[in-house]
Amino acid sequence: MSIEAINEQLLRSVGVGVALFTDDGHQLEFSNDVFSSWFAGATDNEPLATLFPELDLAAMQEAFDAESSYSTELKFRIKRRTLVVAQTFTRTQVSDQVLIVLECQNITRIRELESMIESYSNMVERNAREIRREKNQVEKLLLNIMPRAAYEEYKDFGVVAPHRHDNVSVLVLEFSDFSNYVNTLPPATLVSELNELFSAFDKISDLLGCERIRTTGDTYRCIAGMQDDDQEHLHAIAKAAVRFVRFLARRNTSSTHTWQCRIGIGTGSVVGSVVGNQKYVFDVFGEAIDTAMEARALAGDMEILARADSLRDLPENISTQETSTAAASKAGLAALCEQ
Amino acid sequence: MDLYEKYGGFGNINKIVMAFYDTLLDSEEIGPYFDDIEMGRLIDHQTKFVASLLGGPASFSNEQLRRAHENLNITPDHFDEMKSVLSDTLVAHGMSIEDAELVMAEIETRRSVIVTKEFS
């Protein structure tokens, strides 16, 4: 068998589609069986332009001029199946004849798998987005009922162990004359008012590094110092207290309903824990809470009281003054005010 | 554990989807339904369909299925043929007969939204 015959036999038996075209007229000279099975209508001497009308002949010529190959992709249907074929055109010299060699590789399966992976990725991404959204909602809800440190512990371990915090400051705020508001305001108005007030307190607390513990009807409690690295807890709570009072005073000048509050501050230790298995409530109890509750009970309207002996180190713009009642002073309390 | 995880997640399900796709396209009975459907769309549909049947990261509501099939005039015979092809494909890819029957029961609950024509 001659070399030419062997070459032709090889071209016919390879798994890729191969066709040869003349360089001058771009006419089909030879095609192997694979090529013919894909392009059954191809006839001898058929020009490239009619065989592949979408082929960019100018781009192919440009590639040849730069002495490189030209590659493109062809998509067509055989029966109901879409075939995707990668085509590579190469100009080559054989003896005294210049030929264009066309190699065609069936990449249908690759494209099908790419489509499937794209579809699957979209599904997974959509699910991941939904999970992230739900996770954020859950986190938001849990952060409403417990401080971030407790939430982080719950997230990592599934439980929140009771912790003693030896040095924290607690603020307890109570609205004066609350029963009267409950009896006179429509429920929707009352809830709307509380919502606005507590939301404002939350913002102030967040800003100053305090964390709301809970609200119960007419009271609002927040705490600072639960984080181990927070040594300025009294500063934070004192600043929050004066801003709460300032906010209410300003709001009262323009709002239909006016509110007075009494605030007690306590420092010392507390125990914090999540209570309950099904319905979680984060609670803190202990010395600091008791002191704050006692101070609040003796505070007058818009007055902030704390034990005088706990107020040695206050922020620059906050100072102490006489309490509004003798009972408070007798109990060792001092009032805080903005300078 | 859902069937999707039990049978190897996407790493194995993709083989099921491709085999299902190949068999459907070659079927003389139901292949013609896919004559004019673009490859990417068909694969997307079947990936989601198989994943949702096995409990994977996709869900098709009945309304989505109804919309996807409403103009295809699918007959009960063709629906049965599709079930048969999928069941064979699942078993051929290692699914137990019992689990394949569970999947068939899942598909059966969607018969009324997929079959839109009474007779062939």
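What counts, and at which threshold
- Residues numbered from 1 in each chain as written.
- Chains lettered and ligands numbered in written order.
- Predicted model: local features only at pLDDT ≥ 70, side-chain atom pairs only at ≥ 80, totals over all residues.
- Helix = DSSP H or I, 4+ residues; strand = E, 2+ residues; numbered from the N terminus.
- Buried ≥ 20, exposed ≤ 12 C-beta atoms within 10 Å, placed from the backbone.
- Axes fitted to C-alpha atoms, helices over the stretch in contact; angles between N-to-C directions.
- Parallel < 35°, antiparallel > 145°, perpendicular 65-115°, else oblique.
- Left-handed = near helix turned anticlockwise from the far one by under 90°.
- Contact = placed C-beta atoms within 7 Å.
- Nonpolar A, V, L, I, M, F, W, Y, C, P; charged D, E, K, R; others polar.
- Pairing = 2+ DSSP bridges.
- Expected span 1.5 Å × (residues − 1).
- Arc of directions from axis to C-beta.
- pLDDT = per-residue confidence, 0-100.

What to know about the environment of B:D35
- Within the fold, B:D35 resides in the loop between helix 2 (9-26) and helix 3 (39-54).
- C-beta crowding within 10 Å serves as the criterion here: with 10 such atoms nearby, B:D35 is assigned to the exposed category.

Things to note about unusual backbone geometry
- Positive phi, normally seen in glycine, also occurs at A:S95, with a value near 55°.
- In this fold, A:S95 is placed in the loop between strand 4 (81-94) and strand 5 (97-106).
- You can call A:S95 exposed: it has 6 C-beta atoms within 10 Å.
- Positive phi, normally seen in glycine, also occurs at B:N73, with a value near 50°.
- Residue classification places B:N73 among the partly exposed residues on the basis of 13 C-beta atoms within 10 Å.

Some points on the packing of helix 8 (residues 187-208) of chain A against helix 9 (residues 233-254) of chain A
Residues and elements named next belong to chain A.
- Where helix 8 meets helix 9, the axes come as close as 10 Å, and the angle between the chain directions of the two elements is 150°. Taken together, the axis directions place helix 8 and helix 9 in an arrangement best described as roughly antiparallel. As helix 8 runs across helix 9, the sense of the crossing is right-handed. Each of A200, F201, I204, S205 and L208 in helix 8 lies in contact with helix 9, whose residues at this interface are A236, K239, A240, R243, F244 and F247.

Regarding the interface of chain A and chain B
- If you look at the interface, chain A gives 11 residues, while chain B gives 17 residues.
- For the side of chain A that touches chain B, the secondary-structure elements that each account for two or more residues are strand 4 and helix 5 (108-145) of chain A.
- Looking at which element gives the most residues to the side of chain A that touches chain B, the answer is helix 5 of chain A, with 8 residues.
- Here the residues of the side of chain A that touches chain B are counted per class, giving 4 nonpolar, 4 polar and 3 charged.

A word on the sheet that holds strand 3 (residues 70-78) of chain A
Residue and element names in this part refer to chain A.
- On the basis of which strands lie adjacent, the open sheet formed by 5 strands has the order 2-1-5-4-3 and antiparallel pairing. Taken across any chain shown, the strands that pair with only one partner, and hence form the sheet edges, are strand 2 (28-31) and strand 3. Each adjacent strand pair in this sheet contributes to an overall mean axis angle of 25°, direction not counted.
- Across 3 bridges, the pairing between strand 1 (residues 17-22) and strand 2 is antiparallel. Across the sheet, the residue bridging to L20 is F30, located in strand 2.

Quick notes on the packing of helix 5 of chain A against helix 3 of chain B
- It is at 9 Å that the axes of helix 5 of chain A and helix 3 of chain B come closest, and there the two elements cross at 50°. Compared by their axis directions, helix 5 of chain A and helix 3 of chain B come out oblique. Seen from above, helix 5 of chain A lies across helix 3 of chain B with right-handed handedness. Mapping the contact onto sequence places A:E112, A:S115, A:M116, A:S119, A:Y120 and A:M123 in helix 5 of chain A and B:M39, B:G40, B:I43, B:D44, B:T47, B:K48 and B:A51 in helix 3 of chain B.
- Taken together, the residues of the contact of helix 5 of chain A with helix 3 of chain B sort by class into 6 nonpolar, 4 polar and 3 charged.

A few points about helix 3 of chain B
- Here helix 3 of chain B spans 23 Å end to end across 16 residues, near enough to the 22 Å set by a 1.5 Å rise per residue.
- Buried within helix 3 of chain B are the following residues: B:M39, B:I43, B:Q46, B:T47, B:K48, B:V50, B:A51, B:S52, B:L53 and B:L54.
- The secondary structure elements touched by the buried residues of helix 3 of chain B are strand 4 and helix 5 of chain A together with helix 1 (3-6), helix 2 and helix 6 (97-108) of chain B.
- The positive-phi residue at the C-terminal boundary of helix 3 of chain B is B:G55, with phi of around 90°.

Brief notes about the pairing of strand 9 (residues 261-275) of chain A
All names here are of chain A.
- The pairing of strand 6 (residues 163-175) with strand 9 spans 11 bridges and is classified as antiparallel. Bridge pairing in strand 9 places R164 opposite V271.
- Taken together, the 4 bridges between strand 9 and strand 11 (residues 303-307) define a ladder with parallel strand orientation. Residue pairing for strand 11: I263 is matched across the bridge by I304.
- In this structure, strand 9 lies alongside strand 10 (residues 281-285), joined through 5 bridges in antiparallel fashion. What sits directly across from G272, in strand 10, is V284.

Focus: helix 10 (residues 287-298) of chain A
All names here are of chain A.
- Spanning 12 residues, helix 10 covers 17 Å between terminal C-alpha atoms, matching the ideal 16 Å at 1.5 Å per step.
- Burial in helix 10 covers these residues: A288, I289, T291, A292, A295 and R296. Each buried residue of helix 10 lies within a common arc of 165° when the element is viewed along its axis, so the set occupies one face.

Structural notes on the confidence of the model for chain A
- On average, residues of chain A carry a pLDDT of 90, and 98% of them reach 70 or more.
- When pLDDT is averaged over each helix and strand of chain A, the minimum, 77, is found for helix 1 (residues 3-13) of chain A and the maximum, 96, for helix 9 of chain A.

Some remarks on the environment of A:T43
Residue and element names in this part refer to chain A.
- Relative to the assigned elements, T43 resides in the loop between helix 2 (33-38) and helix 3 (48-51).
- For T43, a count of 10 C-beta atoms within 10 Å puts it in the exposed group.
- In the structure, T43 is positioned 15 residues away from L28 in sequence and 7.4 Å away in space, judged by C-alpha atoms.

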